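# Descriptive structure summary
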Amino acid sequence: MLGKYVISGGKRLKGTVKINGSKNAALPILAATVLNGSVNVLENCPQISDTKTAVDILRHLGCLVNKENKTLIINSASMTKTEIPRELVKKMRSSIIFMGPMLARFKKVTLYYPGGCELGKRPIDLHLSAFKKMGAQIEEIGDKIICSCEKLNGCEVNLTFPSVGATQNIILAAVFADGETVIKNCAMEPEIADLCDFLGKHGAVIEGGGTSRIKITGVKKLTPSRHKIIPDRIEAGTYLIMAAVSGGKITLENVDFRHISSLLDILSEMGCEIQKNSHSITLEMSKQLLNIPSIKTLPYPGIPTDMQPQLTVLCAAAKGVCEFEETIFENRTAHIPELIKMGADIKQKSDREFIVRGRNSLKGAEVYARDLRGGAALITAALSASGTTIVNNSSHIERGYENIVENLLKIGADITLKI
Ligand code: EPZ
C-alpha cells in the first residue's frame, strides 16, 4: 500500500486548481480503443494508477500506446491476445469493461472475476446476462470467465439497476452487433455520454447517451479519431469540499459545473458562496457551516455515491445533525471508524445509514485509507483537523487523484507524501 500522507491541519486553503480529465470517463474510453483496430488519440487523459493499469492491459493485448503529456495515442491494429491476466484484473476491478469491446471485435475474451472490494460484493451479473441475451456463451471455471460468440445480435435490455459499468459494457458490445440494441433504465452519468460521444466520433451509431434509454445500431467498422476526455467531476467536488471544510476560497478551472449541480446545491445550502461560469467554479466559505437534515446518494443526477465520504467529513465539521443514506453500495462506510478516531461524532444505524453530529474541530490522528474516495475523505478531514494526521495506504488515493500533493501545496496545505 506504499506511502503515507503526513498533514498538518488548520490552514485555510486559498488559490486555484486545474481539474484533470475524468478517471471514470477515461477507463471505458481506453477499453473502447480496442474496437477500431486503428489509431485513437485521447486528450486530457488523467495520469493516475488506474489509467496506467488500463494502458498495461492494452499493451498486454498487443496495442501500441504512446504518451505525449496528457495525450495518449493508442493503435489497436496489432492486437494478438484475447485474455487479460488475473493479476491485471485484480489490480483494477473496472478491467471488466474490456469484455464488451473484446467480444465485439474478436468474438472472444477471457478474464477473471474482479471480486469484491471495501464497497461491497461488486457483482457483474447485469453485464453477463446482457452478453448472453446478445448471443454470447459464458463459461466460468473458478474465477475465470471465458466469453465467446459466433456473432452478437442486437436486443432490448432492461437494466434492473442503472449500473454505470453494465451500461458501458453493453454499449461497447453492441457497436458491431447485428441490428439494434436498446438499453432501458440505463445509467445517465456524464461519463456515459462521454463514451457515446467518443464512439460517435469513430462512426458508431448511438442515440440517447446520457439519458435513461440508449439505442445502438450496429455498424461494420469504426474509423480512427481524436477525443478530449471530460473533466473529473468527483475530483472537482473533492477539492470544493476540502476548501469548504478549511474555511478557505478556491477556484477550479477546466470544470463543468453542470456535472456536479446536485453537490453545488448542497454546498450552497450549507453556507458556501459559489460562483460559476462555463469553465470554472469559485467557492468561498467564510461563515459557520450548517448541516442540512439528510443526504441520500442516488444514481445521476442525484448526489453521487463517490462524494459521500467527503460529504461525511463536511457534515462532521458543520453545526447540527445530518442523516446519511448510501443507496448505491452496501458497504461504503470504511471511512467512518477512521473519522471517529479523529473525534468525529458519527453513529452507524446500518450498513447503509449513519448519523453525523457536527462539531467544531477534528483532531489529528493516525488513520488508514481503505478505498479511493474514503482515502480522499481522510485527507479532507486532516486538512481541517488541529494537529498532525497520518493517512496510510496512499496507493488507494493515487488511483484517482493526479498530483494531489502538488495541488494542495499550491493552495496552502501542509502535506507531504512519505514512501
Ligand atoms: C462506477 O462503478 C464507478 N467506477 C464508481 O466509481 C461509481 O461509484 C459507480 O459507478 C456508481 O456511480 C468507474 O466508473 C470505474 P455500478 P460501477 O455498476 O460501474 C450493483 C470511484 O470511486 N451492480 O453502477 O462498478 C453494484 O453492486 C468508483 O471512482 C449489480 O448488482 O458501479 C452496486 O451496488 C467507486 N450488478 C451498484 O450496482 C452488476 O452487474 C452500482 O454499481 C453491476 C452492478
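Residues numbered from 1 in each chain as written. Predicted model: local features only at pLDDT ≥ 70, side-chain atom pairs only at ≥ 80, totals over all residues. Heavy atoms only, no water.

### As for the overall build of the protein chain
Here is the rule we go by: What counts as a helix is a DSSP run of H or I of at least four residues, what counts as a strand is a run of E of at least two, and both are numbered from the N terminus. Every radius of gyration here is taken over C-alpha atoms, with the globule rule written as 2.2 Å times N^0.38, N being the number of residues. Exposure categories follow from relative accessible area, calculated using a 1.4 Å probe and restricted to protein chains: below 20% of the type maximum is buried, above 50% is exposed, and the middle band is partly exposed. The contact criterion used is simple: two residues touch if any of their non-hydrogen atoms lie within 4.5 Å. Methods summary: accessible areas were calculated by the Shrake-Rupley approach with a probe of 1.4 Å, and residue burial reflects only the protein chains presented. Only four residue types enter the charge count, namely Lys and Arg as positive and Asp and Glu as negative; His and the chain termini do not. Throughout, a charge is located at the NZ atom of Lys, the CZ atom of Arg, the CG atom of Asp or the CD atom of Glu.
Across its full length, the protein chain holds 14 helices and 23 strands. The globule rule puts the C-alpha radius of gyration for 419 residues at 22 Å, and the 21 Å found for the protein chain is close to it. Summarising its shape, the C-alpha atoms of the protein chain cover approximately 60 × 45 × 40 Å along the three principal directions. Taken over 419 residues, the protein chain has a buried fraction of 59%. Pairs at least 24 apart in sequence give 72% of the contacts found in the protein chain among residues at least 6 apart. When the accessible surface of the protein chain is totalled, it reaches about 15900 Å², and 51% of it is carbon and sulfur. Each charge sign in the protein chain was given a centre, from 52 positive and 43 negative side chains, and these centres are 2 Å apart.

### Considering the sheet that holds strand β21 (residues 366–368)
Applied cut-off: Criterion used throughout: strands pair if DSSP finds at least two bridges between them. A fitted line through C-alpha atoms represents every axis, and for helices the fit uses only the stretch in contact; the resulting angles, taken between N-to-C directions, go from 0 to 180 degrees.
Ordered in space as β21-β22-β1-β23, the four strands form an open sheet in which the pairing is mixed. Of all strands in the sheet, those with a lone pairing partner are β21 and β23 (414–418), marking the two edges. Ignoring strand direction, the axes of neighbouring strands in this sheet form an average angle of 20°.

### Points about the pattern of salt bridges
Test applied: By salt bridge we mean one thing: a side-chain nitrogen of Lys or Arg within 4 Å of a carboxyl oxygen of Asp or Glu.
Within this structure, the stated rule accounts for 23 salt bridges. One salt bridge connects K215 with E207, and the closest N-O pair in it is separated by 3.7 Å. Since its relative accessible area comes to 18%, K215 is described here as buried. Through salt bridges with shared partners, one network takes in K23, D50 and R399.

### Quick word on the packing of helix α8 (residues 233–246) against helix α12 (residues 372–384)
Convention followed: If an angle is under 35 degrees, it is roughly parallel; if it is over 145, roughly antiparallel; if it lies from 65 to 115, roughly perpendicular; otherwise it is oblique. Here a crossing is taken to be left-handed if its near helix is turned anticlockwise relative to the far helix by less than a right angle, and right-handed if that turn runs clockwise. Asp, Glu, Lys and Arg are counted as charged, while Ala, Val, Leu, Ile, Met, Phe, Trp, Tyr, Cys and Pro are counted as nonpolar; the rest, among them Gly, fall into the polar class.
The geometry of α8 relative to α12 is characterised by a closest axis approach of 9 Å and an angle of 20° between their N-to-C directions. For the element pair α8 / α12, the angle class is roughly parallel. Our pair here, α8 against α12, has a crossing hand that is right-handed. Mapping the contact onto sequence places I234, T238, I241, M242 and V245 in α8 and R373, A376, I379, T380, L383 and S384 in α12. Grouping the amino acids of the contact of α8 with α12 by side-chain chemistry returns seven nonpolar, three polar and one charged.

### Quick word on the domain arrangement of the protein chain
In many analyses, interface size is given as the accessible surface area lost on bringing the parts together. Just so we agree on the cut-off: Domain extents, as shown, originate in an automatic or database domain assignment. What gets called buried area is simply the loss in accessible area from a 1.4 Å probe that two parts show on being joined, summed for both.
You can read the domains of the protein chain as domain 1 (4–20 + 231–418) and domain 2 (23–228). Once you take the C-alpha centre of each, domain 1 and domain 2 turn out to be 30 Å apart. Contacts between the two partners involve 23 residues from domain 1, matched on the other side by 20 residues from domain 2. Across the domain 1/domain 2 interface, buried area totals approximately 1900 Å², and carbon plus sulfur atoms make up 51% of it. Sorting the residues of domain 1 by area buried against domain 2 places Y300, R399 and E402 first, and these three jointly supply 30% of that buried surface. Residues D50 and R399 are paired through a salt bridge, measuring 2.9 Å at the closest nitrogen-oxygen approach.

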